[in-house]
Amino acid sequence: GLYFQDRFGRAPGEFATLQALAALLMTAGYLFTPFAVARAGYVKRIVGFELCSIPFFVLLAFTTSLPVAVGAFLLRAALMNAATPVLKNLAMRATPEGARELQNGMTSLANSLGWVIGPHVGGWLLDRSEDNYKWLMLATVGIYLVAAAVTGWMLGPLERGESATESRADRPAA
């Protein structure tokens with residue numbers, strides 16, 4: 001909300017409407033994911049959704065046009081969040097039945113920690129960049145790129161039915 005308020009002078013109430021629209025698009029994305037997974041598999045869809053959202057985040061960093069920012073915000077939210085049900089489904093499939101509760105709890109904890117820590121780090125960075133959202137967003141894009149690469153590297157073997165350590169151990173040393 002601060003981005004739209006600071007960059008475009010929009011009231012918080014206007015952002016609430018935008019958030020509601022984003023939630024509707026995320027729901028549509030959630031409903032689309034089973035079809036995407038059937039075509040390309042879990043890991044490719046997770047990484048694909050993450051990577052497809054990045055151009056819209058970069059657009060948010062640089063645009064000075066409110067309509068462009070609104071469109072980029074909505075598309076980024078829908079694409080980035082579409083990976084969530086795919087990741088949760090893959091995690092449940094890859095986790096032995098007796099450990100699913102623990103796996104689900106740890107995933108929820110990690111997600112919650114992100115929501116606790118992220119605003120503090122983001123606010124700190126924003127204060128030090130003189131309220132320049134561009135650098136904050138570009139740093140986030142960098143984190144998304146690393147996350148997409150690590151997701152593909154770590155979860156790819158799960159989808160193929162092997163453990164990540166077995167997969168890397170079987171490869172010849174470079």
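Please read all numbers here as calculations on a predicted model, not as lab measurements.

### Some remarks on the overall build of the chain
Each helix and strand counted, the chain has 7 helices and 0 strands in total. If you line up the chain on its principal axes, its C-alpha atoms span 55 × 35 × 30 Å. The burial tally for the chain puts 32% of its 174 residues in the buried class. For the chain, contacts bridging at least 24 residues in sequence account for 71% of all contacts bridging at least 6. Summed over its atoms, the accessible surface of the chain is roughly 10800 Å², and 66% of this surface lies on carbon and sulfur atoms. Taken together, the 14 basic and 12 acidic charged side chains of the chain have centroids lying 7 Å from each other.

### Observations regarding helix H2 (residues 12–40)
Side chains that are three or four residues apart share a direction in an α-helix, a result of its 3.6 residues per turn. End to end, H2 covers 39 Å across 29 residues, agreeing with the expected 42 Å (1.5 Å per residue, within 8%). Lining the buried residues of H2 we find helix H1 (2–8), helix H3 (42–62) and helix H4 (66–94). Once H2 finishes, Gly41 follows within two positions and takes phi at roughly 95 degrees, a positive value.

Calculation rules
Residues numbered from 1 in each chain as written. Predicted model: local features only at pLDDT ≥ 70, side-chain atom pairs only at ≥ 80, totals over all residues. Heavy atoms only, no water. Helix = DSSP H or I, 4+ residues; strand = E, 2+ residues; numbered from the N terminus. Buried < 20%, exposed > 50% of the residue type's maximum accessible area, 1.4 Å probe, protein only. Contact = heavy atoms within 4.5 Å. Areas by Shrake-Rupley, 256 points an atom, 1.4 Å probe, with all protein chains shown as cover. Lys, Arg positive; Asp, Glu negative; His and termini not counted. Charge placed at Lys NZ, Arg CZ, Asp CG, Glu CD. Expected span 1.5 Å × (residues − 1).

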